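Below are the chains, spelled out letter by letter.
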Amino acid sequence: MSDKKQRVLLVDDDAAIREILSAILSRHNYDVDQAENGRDGLRMAENRVYDHIITDIAMPVMGGLTFLEQLRDKEIHAATTVISAHTDMENVRRAFKLGASDFIAKPFQSDDAVLLTLKKVEEKARLAKENRLLRREVGDSYKFANIVSKSGKMQAIFNIISKIADYKTTILVSGESGTGKELIAKAIHYNSVRKNKPLIDVNCGGIPDTLLESELFGHVKGAFTDAYRAKKGLFEEADGGTLFLDEMGELPLALQVKMLRALQEEEIRPLGESKSVKVDVRIIAATSKNLREEVNKKNFREDLFYRINVLNIEVPPLRDRREDIPLLVSHFIEKYNKRLGLDIEKVNSEYLQCMMDYSWPGNVRELENVIERSMALSEQKILELELLPPELLRDTGRPVDRPNNELFFQDEISIKKNSKKLEKILITKALTQTKGNKTRAALLLEISLPALLYKIKEYQVN
Ligand SMILES: Nc1ncnc2c1ncn2[C@@H]1O[C@H](COP(=O)(O)OP(=O)(O)OP(=O)(O)O)[C@@H](O)[C@H]1O
Ligand SMILES: [Mg+2]
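What counts and what doesn't
Residues numbered from 1 in each chain as written. Chains lettered and ligands numbered in written order. Predicted model: local features only at pLDDT ≥ 70, side-chain atom pairs only at ≥ 80, totals over all residues. Heavy atoms only, no water. Helix = DSSP H or I, 4+ residues; strand = E, 2+ residues; numbered from the N terminus. Buried < 20%, exposed > 50% of the residue type's maximum accessible area, 1.4 Å probe, protein only. Contact = heavy atoms within 4.5 Å. Areas by Shrake-Rupley, 256 points an atom, 1.4 Å probe, with all protein chains shown as cover. Pairing = 2+ DSSP bridges. Axes fitted to C-alpha atoms, helices over the stretch in contact; angles between N-to-C directions. Salt bridge = Lys/Arg side-chain N within 4 Å of Asp/Glu carboxyl O. 1 Å grid on protein atoms, 1.4 Å probe; cavity = no way out; pocket = protein on both sides within 12 Å on 5 of 7 lines; lining within 4 Å. Points joined across faces, edges and corners; volume = space filled by probe spheres on them. Phe/Tyr/Trp six-rings, centres within 6.5 Å; stacked < 30°, edge-to-face > 60°. Near = heavy atom within 4 Å. Polar contact = N/O pair within 3.5 Å; in protein donor to acceptor, adjacent residues only side chain to side chain. Core = buried A, V, L, I, M, F, W, Y, C linked by side-chain atoms within 4.5 Å. Parallel < 35°, antiparallel > 145°, perpendicular 65-115°, else oblique. Nonpolar A, V, L, I, M, F, W, Y, C, P; charged D, E, K, R; others polar. Right-handed = clockwise from strand over helix to strand, strands pointing away.

(A) Structural detail: the overall build of the protein. A tally of regular secondary structure across the protein gives 19 helices and 18 strands. In terms of overall dimensions, the protein has a C-alpha envelope of 95 × 75 × 40 Å along the principal axes. Here the protein holds 462 residues, and 42% of them are scored as buried. Of all intrachain contacts in the protein linking residues separated by at least 6 positions in sequence, the fraction that spans at least 24 positions is 67%. For the protein, the accessible area works out to roughly 25700 Å², and carbon and sulfur atoms hold 50% of it.

(B) Representation of the sheet that holds strand β12 (residues 242–246) in the model. A sheet is described by the order of its strands in space; here five strands give the open sequence β9-β12-β15-β8-β16, paired in parallel fashion. If you trace the sheet from one side to the other, it starts and ends with β9 (199–203) and β16 (311–314), each paired once. With strand direction ignored, the average angle separating the axes of adjacent strands in the sheet is 20 degrees. Note: β12 against strand β15 (residues 282–287), four bridges, orientation parallel. Of the residues in β15, the one forming a bridge with Thr242 is Arg282. Contacts from helix α6 (residues 152–164) reach β8 (171–174), β15 and β16, with the element oriented near 150 degrees to β16.

(C) Highlighting the pattern of salt bridges. Overall, the coordinates contain 29 salt bridges when judged by the stated rule. A salt bridge links Glu266 to Lys168; the nearest nitrogen and oxygen atoms lie 2.7 Å apart. Here Glu266, found in the loop between α10 (253–265) and β13 (267–268), pairs with Lys168, found in the loop between α6 and β8; they are 98 residues apart in sequence, far enough to count as distant. Relative accessible area serves as the criterion here: at 32%, Glu266 is assigned to the partly exposed category. Overlapping salt bridges, with partners in common, bring together Lys168, Arg194, Glu266 and Asp280 in one network.

(D) Highlighting empty space enclosed by the protein. Scanning all chains against the criterion turns up one cavity of 30 Å³ or more. In this structure, the largest cavity encloses a volume near 30 Å³. Lining the largest cavity we find Glu182, Ala185, Lys186, Leu199, Asp201 and Phe244. For the lining of the largest cavity, the secondary-structure elements that each account for two or more residues are α7 (181–190) and β9.

(E) Focus on the packing of aromatic side chains. Summed over all chains, the structure comprises three aromatic pairs. For the ring pair Phe217 and Phe235, a centre distance of 5.5 Å and an interplane angle of 15 degrees mean the geometry is stacked. With Phe217 in helix α8 (residues 209–217) and Phe235 in helix α9 (residues 234–237), this residue pair connects regions lying 18 residues apart in the sequence. Exposure class is identical for Phe217 and Phe235. Each is buried.

(F) The arrangement of the site of ligand 1 in detail. In the vicinity of ligand 1 lie 18 residues, with Ser177, Gly178, Lys181, Arg365 and Glu368 positioned nearest. At 2.8 Å, a backbone N or O of Gly178 approaches an oxygen atom of ligand 1. Glu368 has a polar side-chain atom sitting 2.8 Å from an oxygen atom of ligand 1. In isolation ligand 1 has 630 Å² of accessible area, and contact with the protein removes 87% of it.

(G) Seen up close, the nonpolar core. Counting residues in each nonpolar core, the largest one holds 30 residues, and the members touching the most others are Phe235, Leu243, Leu245, Met248, Met259, Leu304 and Ile308. Those elements that place two or more of their residues in this core are β9, α8, α9, β12, α10, β15, α11 (291–296) and α12 (302–308). With five residues, α10 is the largest single contributor of residues to this core. Every residue in contact with Met248, bar those within four places of it in the chain, is listed here: Cys204, Met259, Ala285, Ala286, Phe300, Leu304 and Ile308. Listed in part, the 27 residues of the second largest apolar core include Leu328, Val347, Val370 and Leu383.

(H) Layout of the packing of helix α3 (residues 64–73) against helix α4 (residues 89–97). At a minimum axis distance of 9 Å, the contact between α3 and α4 shows a crossing angle of 10 degrees. Judged by the inter-axis angle, α3 sits roughly parallel to α4. Along the contact surface, α3 presents Leu65, Leu68 and Arg72, while α4 presents Asn91, Arg94, Ala95 and Lys97. Class assignment for the residues of the contact of α3 with α4 results in three nonpolar, one polar and three charged.

(I) Representation of the environment of Ala223 within the structure. Relative to the helices and strands, Ala223 is located in the loop between β10 (218–219) and β11 (231–232). Residue class for Ala223 comes out partly exposed when judged on its relative accessible area of 30%. In this structure the C-alpha to C-alpha distance between Ala223 and Ala100, which are 123 residues apart in sequence, comes to 78 Å. Ignoring sequence-local partners within four residues, the contact set of Ala223 consists of Leu271 and Gly272.

(J) Here's a closer look at the pairing of strand β4 (residues 79–85). A large share of β4 lies buried, amounting to six of its seven residues. As paired strands, strand β3 (residues 52–56) and β4 are joined by five bridges and run parallel to one another. In the strand pairing of β4, Ile54 is matched with Thr81. Traced from β3 through α3 to β4, the parallel crossover comes out right-handed. Strand direction decides the pairing type here: β4 and strand β5 (residues 102–106), joined by five bridges, are parallel. The partner of Ser84 across the bridge, within β5, is Ala105. The handedness of the β4 to β5 crossover, carried by α4, is right-handed.

(K) Here's a closer look at the environment of Pro389. Structurally, the position occupied by Pro389 is in the loop between β18 (382–383) and α16 (390–395). With relative accessibility at 8%, the residue Pro389 sits in the buried group. Separated by 55 residues in sequence, Pro389 and Leu444 have C-alpha atoms that sit 9.3 Å apart. Once residues within four sequence positions are removed from consideration, Pro389 is found in contact with Val370 and Arg373.

Listed below in structure tokens is the structure:
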């Protein structure tokens, strides 16, 4: 133990008790403040940091239990001990539930007995504090530039990123859709010396060939019919920074030669321009296709492949790093609580187990969507299994609530009539689940609110 004085707040309405206790404490290196009820104690605890709070239970104005409750709600952490008569164990139990660690019985036995109890309580509080700090540390160490993960494979990727971020090395990030390739590209850029220069991303698959060319390299006025004025290409926009070539595997063959030249020469020539322009860009390419296979299939030029595949970061699919699932779940609950103004605490164990069992073909993006959807639909603070989309339940071998036997129509074969019946059942179910909230029911049914209102009227659902 250090000989630093322990600061104690002693709360009791009985002046005699305060006198006796504070005499004992002062003799043993405690620095004691006193209050005669919970309200005054609370005010003092808000103004000064105490190592230890000792409180009586029955007091006028504000009793010990309310006082403890307030300390907990205000997250005022200190060792807490209650003073109590032996006959009052029921209240002592309540005090323990509210965070008190032990009690000293009135009348006091001996100085030593009192001191021993206090030391024990202080030791417990010290451990709890260490735990709090540790949890905070752990929380941060699983995050790298907003990428949440504790899996070894991802930690290895974080390591590579911090080592190579500053170099101009071209990086190819590969991985299935939704694994976090774009996040990784951002992490590289924002951890590099280029972080104050632009990060420009281009989706090589999303734009028609001719447009993509002028987007990338720019054009002069009149270079083609619609070129009413000159336009800078994205290569030039990214000068000094990073160019993120997303879905590189989709880059049309015709553009691959020009891309290769741009990367090799580090210069580009806008359409219709006779001179080339020097550019200084760091290239990060991403692909969800297997580029080597694309090379074999002659969809992707081999020389370009070697030019961009200098350093390959392969992001593993989520099903190969299931230990990340619980972390991601908490991360997204936090994210959407903020975004949707909700107060969801967690998922229950069956829900989590189902997530652990599922194969996640859409990877982290799919998981994020599932959580967001469940949160939007939940009426409770804890997410339950029923909120999961049916395909998740089905894929993991869990029963999916069937709309019941009415569905097995024996003598009616008309699709039209049966669809109406089915719709009516599903609408009723959705309304029951959402306790009559039509907006949420429409979300569940994946139809628009006006459509739902119309159907409710037509099928006379109540
Ligand atoms: N490890 C992670 N931690 C937190 N969020 C993640 C993580 N991985 C992915 N996400 C989130 O999942 C979504 C998809 O990630 P991202 O866009 O980076 O994937 P992608 O691999 O580029 O997908 P695609 O191939 O479909 O473009 C994003 O909203 C992203 O923020
Ligand atoms: Mg992407």
